[in-house]
Amino acid sequence: MVDLSYAGRLHPGHSSLSAVNAARVGDAVLLVKDGDRWLLHNEKGQVLSRMSKSFAPPPNTRFERGEIATIFKWRKEDSGEAFHHTLRRDAWEVVLPELVFVPVN
């Protein structure tokens, strides 16, 4: 449920690109609502990734914790051709999180 092309659309020098470059598997992540979208932040408050439009936390839960589960390379050619015009680079790294939610009463 991560927007796989998020970093591919960012302009060169965007702070998220350097934040992802510095990120490591196991690093803590925060889930932050920004308008109608959810973002993944590192502990410094830098954006690492954006969740897909359809993402929503499970009903009747609260976010407890998250961490980087993996970081992998995504390429322009892996994206749908209809979206190629929105991409600013040929390859980029994607952060996939493990997110833990707990029930609320």
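For the structure itself, consult the block above.
This one's a predicted model, so the numbers in the text were calculated from it and none came from an experiment.

**Student:** Can you help me understand the packing of aromatic side chains in this one?
**Tutor:** Remark: the centre distance and the inter-plane angle together describe each pair of aromatic rings, the angle taken between the planes. This model, assessed by the stated rule, comprises three aromatic pairs. The interplanar angle of 70° and the centroid separation of 5.8 Å between the aromatic rings of Phe63 and Phe101 together place this pair among those described as edge-to-face. Taken as a pair, Phe63 in strand S4 (residues 61-75) and Phe101 in strand S5 (residues 91-103) lie far apart in primary sequence, 38 residues in all. The interplanar angle of 80° and the centroid separation of 6.1 Å between the aromatic rings of Phe72 and Trp74 together place this pair among those described as edge-to-face. For Phe72, a relative accessible area of 24% translates into the label partly exposed.

**Student:** For this particular structure, what's the right way to read the sheet that holds strand S3 (residues 47-50)?
**Tutor:** An order of S1-S2-S3 is seen for the three strands of this open sheet, with the pairing classed as antiparallel. The strands lining the two open edges of the sheet, one partner per strand, are strand S1 (30-34) and S3. Going across the sheet, the axis of each strand differs from the next one's by a mean of 35°, ignoring polarity. Direction of pairing for S1 relative to strand S2 (residues 37-41): antiparallel, over a ladder of five bridges. By the bridge assignment for S2, Leu31 is matched with Leu40.

Parameters at a glance
- Residues numbered from 1 in each chain as written.
- Predicted model: local features only at pLDDT ≥ 70, side-chain atom pairs only at ≥ 80, totals over all residues.
- Heavy atoms only, no water.
- Phe/Tyr/Trp six-rings, centres within 6.5 Å; stacked < 30°, edge-to-face > 60°.
- Helix = DSSP H or I, 4+ residues; strand = E, 2+ residues; numbered from the N terminus.
- Buried < 20%, exposed > 50% of the residue type's maximum accessible area, 1.4 Å probe, protein only.
- Pairing = 2+ DSSP bridges.
- Axes fitted to C-alpha atoms, helices over the stretch in contact; angles between N-to-C directions.

Coordinates in, geometry out; function isn't part of it.
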